Each structure stands twice: as structure tokens, then as C-alpha cells.
Amino acid sequence: MFTGIITDIGTVTAVELRGDMRARIACGYDMATVDMGASIACDGVCLTVVDKAPGWFAVDISAETLSKTNIGTGGWQVGRRLNLERALRVGDELGGHIVSGHVDGVAQVVEMHDEGDSLRLTFEAPPALARFIAPKGSIALNGTSLTVNEVAGNRFGINLIPHTRHFTTWGTVAQGDSVNLEVDTMARYVARLAEAMGAPTTAGA
């Protein structure tokens, strides 16, 4: 489990196709404190450390993960910067919201403009996921815990404050970018319960 609070920015330094895809990621973590087999969220994708050394770790990425994330749609090229978060430990502060690292799909940045010191972004989500997104609810985008401002059909908006843009990869976001989207677990369960009880579920309801 994760919180959606980014703790480092990594950089892809090598990519290799070997059945699955293997990527080496440079980071600022003390790798002596990261066990082999540990989970690290990379742009919101929960991946397992399969190799490591001081200053970097390697992960294997399955075809299923490639099909559900922007790793497959946009590709991880050498030099790509990634939002990183180590797995939540018992006793850690829960500063964002519960994030599983199991990406549901990919959303696209369709509009962006400055709003005071913040940056307002509008995303378009896949129709099957839009119904789980609600105003003032939580959402994880590229691993970052964010609050939804408004929902209109398959589109939803968020604000990025300067702190978030400075300490994550959101500082270089551009219109047309594809981002990893994980809906709030509670929203998913509420929608499933409503379906089981025969109640309609619509985006923003």
C-alpha cells in the first residue's frame, strides 16, 4: 500500500526487453534500506525490486502492466523522470489517501491553464472509470494523491499547487500527456455496492 505522497523523483537509465520489460531506475533512496522484493510505486505503478545497488534499482514490467499503464502507451525511454514512493509501513503518517499501486487505466491531459499560483488541469478518463470519479474525492495520477475539483461526463479537473509541481514530475506536464490513473478504492466499493442493490451510478453522483 501507498499514500500518493511522492518521496523521490527517479530517472529511467536503462530499458531492456527480455520477455517482460526490465527497467533500471536511478533514485535518491538509501538502497541499503530497501530489500530485494520490496515494492516501490513508479509513476503510481506498484513494481517489485528485482535488482539493486547504491543509487539505483531495477524492476520487471509484465505485458499486463504495459497494457494498463502509460508505460505501454507512451513508453519509458531512457531519461524519463518518474514519481517514486516506497511502500507504506505500519506507523507511517497517512498524508494522502490509500493507494494500491494497481493502475486502473490511462487518462489524458486535455486542457491546462494557470489559476493564480496553481495550475488547473482537465483530464479525460476512460468511460468505464469515469463513474468512479466524484467531485472532492481523491484520485491518484502518476502516483500523486490529488483532489478532484469537478466532474463533467468523462472529464474531471484538478489543481496543482506550486509545491506539488516542484517536488514531483508534474512541473513538466503538457497538454496531450497520458497519465496513470487509479481511482479511489472507496469509490469503487461504493459503486459496486450500489450496483448490487440496483441503484444507478453516474459520474459525479
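Relevant structure appears above.
Now for a look at the structure at hand. Only a predicted model underlies this, so the values are computations on that prediction, with no experimental measurement involved.

It is worth spelling out the sheet that holds strand 6 (residues 81-86) at this point. Pairing is antiparallel around the closed barrel formed by 6 strands, whose spatial order is 1-2-5-4-3-6. On average, each strand axis in the sheet is tilted by 45° relative to the strand beside it, whichever way the strands run. One ladder, built from 3 bridges, connects strand 3 (residues 39-42) with strand 6; its direction is antiparallel. Residue pairing for strand 6: Ala41 is matched across the bridge by Glu85.

Attention now moves to the pairing of strand 13 (residues 178-183). For strand 13, a buried count of 5 out of 6 residues is recorded, marking the element as mostly surrounded by other parts of the structure. The sheet contact formed by strand 7 (residues 105-115) and strand 13 spans 4 bridges and is antiparallel. Counted as the bridge partner of Gln108 is Ser178 from strand 13. Where strand 9 (residues 138-141) lies against strand 13, 3 bridges are found, and the strand directions are antiparallel. The residue of strand 13 that forms the bridge with Ala140 is Glu182.

A word on the side chain of Thr169. Summarising the element assignment, Thr169 is placed in the loop between helix 4 (162-167) and strand 13. For Thr169, the contacting residues outside a window of four places in its chain are Ile9, Asp43, Arg81, Leu82 and Asn83.

A separate point is the environment of Met112. Within the secondary structure layout, Met112 lies in strand 7. By relative accessible area, which is 28% here, Met112 ends up partly exposed. Sequence separation of Met112 and Gly157 is 45 residues, and the distance between their C-alpha atoms is 9.4 Å.

Right, let's talk about the side chain of Arg120 for a bit. With respect to the helices and strands, Arg120 occurs in strand 8 (residues 118-124). A relative accessible area of 17% means that Arg120 is categorised as buried. Engagement of the side chain of Arg120 in a polar contact is seen with the side chain of Glu150, the distance being 3.0 Å. What Arg120 contacts, discounting residues up to four positions off in sequence, is Glu111, Met112, His113, Glu115, Asn149, Glu150, Ile158 and Asn159.

Geometrically, a pair of aromatic rings is defined through the distance of the ring centres and the angle of the planes. Following the criterion strictly, the structure yields 2 aromatic pairs and no others. Summarising the aromatic geometry, the rings of Phe123 and Trp170 are spaced 6.1 Å apart at their centres and angled 85° between planes, so their arrangement reads as edge-to-face. Taken as a pair, Phe123 in strand 8 and Trp170 in the loop between helix 4 and strand 13 lie far apart in primary sequence, 47 residues in all. In this structure, Phe123 and Trp170 share a single accessibility class: buried. Each residue in the set Phe123, Phe156 and Trp170 is aromatic and connected to the rest through ring pairs, giving one cluster. Here the basic side chain of Arg24 rests over the ring of Trp56, its NZ or CZ set 3.7 Å away from the ring centre. We note Arg86 situated over the ring of Tyr29; from NZ or CZ to the ring centre the distance is 5.9 Å.

Taken as a whole, the largest pocket holds about 350 Å³ of empty space. In terms of lining, the largest pocket is formed by 15 residues, of which the most central are Arg80, Arg81, Asn142, Thr172 and Asp177. Contributions of two or more residues to the lining of the largest pocket are made by helix 2 (70-73) and strand 13. The class makeup of the residues in the lining of the largest pocket is 3 nonpolar, 8 polar and 4 charged.

The rules behind each value
- Residues numbered from 1 in each chain as written.
- Predicted model: local features only at pLDDT ≥ 70, side-chain atom pairs only at ≥ 80, totals over all residues.
- Heavy atoms only, no water.
- Pairing = 2+ DSSP bridges.
- Helix = DSSP H or I, 4+ residues; strand = E, 2+ residues; numbered from the N terminus.
- Axes fitted to C-alpha atoms, helices over the stretch in contact; angles between N-to-C directions.
- Buried < 20%, exposed > 50% of the residue type's maximum accessible area, 1.4 Å probe, protein only.
- Contact = heavy atoms within 4.5 Å.
- Polar contact = N/O pair within 3.5 Å; in protein donor to acceptor, adjacent residues only side chain to side chain.
- Phe/Tyr/Trp six-rings, centres within 6.5 Å; stacked < 30°, edge-to-face > 60°.
- Lys NZ or Arg CZ within 6 Å of the ring centre and 35° of its normal.
- 1 Å grid on protein atoms, 1.4 Å probe; cavity = no way out; pocket = protein on both sides within 12 Å on 5 of 7 lines; lining within 4 Å.
- Points joined across faces, edges and corners; volume = space filled by probe spheres on them.
- Nonpolar A, V, L, I, M, F, W, Y, C, P; charged D, E, K, R; others polar.

Everything listed is a geometric property; what it means functionally is a separate question.
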